[in-house]
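# Structure at a glance
Residue strings, one per chain:
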Amino acid sequence: MATDTRIPVIILTGFLGSGKTTILAHVMELIDPARTEIIINEYGSVGLDQYLIQQVKEETHVLKGGCVCCQLRNDLVTVLQQVANRIDSGERIDRVIIETSGLADPAPIMFTIYTDPMLQNRFRIGGVITTVDATTTHSHLAPHPEWIKQITSADWVIITKTDIADQHAAAMLARQISSMNPSAAIYTAKNGHINHEKEFLKDLLSLNGRGNLVWQKHLTSSTADHHDSKETTASLSLRFSGTVNWSAFSVWLSMLLHAHGEHILRIKGLLDVGSPGPIVLNGVQHIVHPPIHLSEWPDEDTVSRLVIIVRGIDPDRILDSLRIFSRFIGATLVKV
């Protein structure tokens with residue numbers, strides 16, 4: 001598989017007070033800060049978070065007075081264009097990390113990078129990190145669409161403040177997050193120090209990005225929740241026996257997103273299309289990343305698998321449509 005030479009953009013998100021800046025400051029101590037560009041988004045008109053990481057990264061970009069996912073998207077484009085110009089002038093920059101405000105939706109940020117004519121040729125999404133406060137009662141967070149979108153968009157979820165949280169509650173939170181996003185890798189952190197730190201950094205700094213390679217091993221089985229409530233988030237895990245007709249599957253996926261795109265929070269999959277390696281499918285809400293062809297399977301499990309996270313729609317409706325289309329897709333569908 002050819003190496004993607006575009007600069008990875010890592011999005012660090014999480015609800016208000018979940019410890020994003022603490023995690024960022026610690027990560028910056030473990031990687032080369034000179035080759036890492038930091039963009040911090042403050043919802044308020046006064047920026048403060050940049051002062052907390054100046055010990056390891058003196059210069060940062062601060063976008064304040066709104067969310068980078070909506071009001072400040074043009075500002076983000078301008079900053080990234082400036083970064084690209086500096087690279088063209090010979091400066092070595094290996095990655096960009098965007099710390100969003102606590103109310104941000106990661107999807108529009110990704111959409112901006114994928115659709116801007118200049119940015120799409122210079123940058124790619126390297127993954128989404130979502131921090132979650134283990135001490136917070138998440139029953140009152142669940143109805144917030146921002147929190148749900150942050151969780152379902154994540155490639156990594158870091159449960160923070162586990163040193164002062166009730167351990168039983170933290171374990172229940174991890175199970176809740178896993179049911180919301182079965183494909184995310186879940187870590188815990190104490191005082192900003194992440195457990196299994198080396199594994200996390202290897203994932204984070206993977207040459208081709210977690211969206212292409214690393215998250216595949218986390219496409220594990222999950223039981224789907226079946227509710228009709230618009231406030232319910234459910235996951236649907238599927239496996240396919242046999243070779244998938246990629247053209248037919250693409251038609252089905254396009255029809256699905258056209259009809260129910262606002263209800264599809266996340267879709268991830270590895271699909272056997274008859275090549276030595278699978279096609280990697282990765283999408284957040286209405287944004288589907290360009291499919292990646294791997295030269296080989298990441299493990300011994302060479303069966304096609306798909307995880308779809310939805311909100312406000314019965315997962316069985318998606319399952320029924322896929323079954324109707326299965327004779328064109330070719331492979332036999334198996335619900336996990």
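The paragraphs below set out a description of the structure included in this document. Just so you know, these numbers come straight off a predicted model, no measurement behind them.

### Points about the packing of aromatic side chains
Throughout the structure, instances matching the rule amount to six aromatic pairs. Centroid distance Tyr 187 to Phe 200: 5.4 Å. Interplanar angle 75°. Geometry classified as edge-to-face. Placement of the pair is Tyr 187 in strand β7 (residues 185-190) and Phe 200 in helix α8 (residues 197-204), with a sequence separation of 13 residues. Classification of Tyr 187 by relative accessible area gives buried; the value is 3%. Overall, the relative accessible area of 1% leaves Phe 200 in the buried class.

### Details of the environment of Asp 316
Examined against the element boundaries, Asp 316 turns out to sit in helix α10 (residues 315-329). A sequence separation of 80 residues divides Asp 316 from Leu 236, and the C-alpha atoms of the two residues are 8.7 Å apart.

### Some words on the pattern of salt bridges
On inspection of all chains with the given rule, the structure shows 10 salt bridges. For the salt bridge of Arg 35 with Asp 94, the shortest nitrogen-to-oxygen distance reads 3.9 Å. Placement of Arg 35 in the loop between α1 (20-30) and β2 (36-42) and of Asp 94 in the loop between α3 (73-88) and β4 (95-99) is noted, with a sequence separation of 59 residues between them. Since its relative accessible area comes to 21%, Asp 94 is described here as partly exposed. Of the charged contacts, one joins Arg 92 and Asp 94 as a salt bridge, the two residues approaching to 2.6 Å between their closest N and O atoms.

### A word on empty space enclosed by the protein
Rolled over the atoms, a probe with the dimensions of a water molecule shows which regions are left empty. A complete count under the given rule lists one cavity of 30 Å³ or more for this structure. Its volume calculated, the largest cavity comes out at about 50 Å³. Lining of the largest cavity is provided by Ile 10, Leu 12, Ile 23, Leu 24, Val 27, Ile 97, Ile 129, Phe 200 and Leu 204. Taken together, the elements giving at least two residues each to the lining of the largest cavity come down to β1 (7-14), α1 and α8. Looking at side-chain class alone, the lining of the largest cavity contains nine nonpolar, no polar and no charged residues.

### Regarding the environment of Gln 81
For Gln 81, the location among the structural elements is in helix α3. Remark: the alpha-carbon pair of Gln 81 and Leu 119, spanning 38 residues in sequence, is separated by 7.2 Å. Beyond its immediate stretch of four places on either side in the chain, Gln 81 contacts Met 118 and Leu 119.

### Observations regarding the pairing of strand β3 (residues 61-64)
Of the two faces of β3, only the one carrying His 61 and Leu 63 is buried; Val 62 and Lys 64 on the other face are not. Alignment of β2 against β3, held across four bridges, turns out to be parallel. Directly across from Ile 39, in β3, lies its bridge partner His 61.

### Describing the packing of α3 against helix α4 (residues 106-115)
Relative orientation of the contacting elements α3 and α4 amounts to 45°, with a least axis distance of 11 Å. Overall, the two elements α3 and α4 adopt an arrangement that is oblique. Handedness of the α3/α4 crossing: right-handed. Across the interface between the two elements, Arg 73, Leu 76, Val 77 and Leu 80 from α3 touch Pro 108, Ile 109, Phe 111, Thr 112 and Ile 113 from α4.

### A short note on the nonpolar core
Counting 28 residues, the largest nonpolar core has Phe 240, Phe 249, Trp 252, Leu 253, Leu 306, Ile 308 and Ile 318 as the members making the most contacts within it. At the level of elements, β9 (233-241), α9 (246-260), β10 (264-271), β11 (279-284), β14 (304-311) and α10 are the ones that each hand at least two residues to this core. Ranked by residue count, the leading element in this core is α9, at six residues. Non-local contacts of Trp 252, meaning those with residues more than four positions away in its chain, are made with Ile 308, Ile 318, Ser 321, Leu 322 and Phe 325. Grouped together as the second largest cluster of nonpolar side chains are 27 residues, Ile 39, Cys 67, Cys 69 and Phe 123 included.

Cut-offs applied
Residues numbered from 1 in each chain as written. Predicted model: local features only at pLDDT ≥ 70, side-chain atom pairs only at ≥ 80, totals over all residues. Heavy atoms only, no water. Phe/Tyr/Trp six-rings, centres within 6.5 Å; stacked < 30°, edge-to-face > 60°. Helix = DSSP H or I, 4+ residues; strand = E, 2+ residues; numbered from the N terminus. Buried < 20%, exposed > 50% of the residue type's maximum accessible area, 1.4 Å probe, protein only. Salt bridge = Lys/Arg side-chain N within 4 Å of Asp/Glu carboxyl O. 1 Å grid on protein atoms, 1.4 Å probe; cavity = no way out; pocket = protein on both sides within 12 Å on 5 of 7 lines; lining within 4 Å. Points joined across faces, edges and corners; volume = space filled by probe spheres on them. Nonpolar A, V, L, I, M, F, W, Y, C, P; charged D, E, K, R; others polar. Contact = heavy atoms within 4.5 Å. Pairing = 2+ DSSP bridges. Axes fitted to C-alpha atoms, helices over the stretch in contact; angles between N-to-C directions. Parallel < 35°, antiparallel > 145°, perpendicular 65-115°, else oblique. Left-handed = near helix turned anticlockwise from the far one by under 90°. Core = buried A, V, L, I, M, F, W, Y, C linked by side-chain atoms within 4.5 Å.

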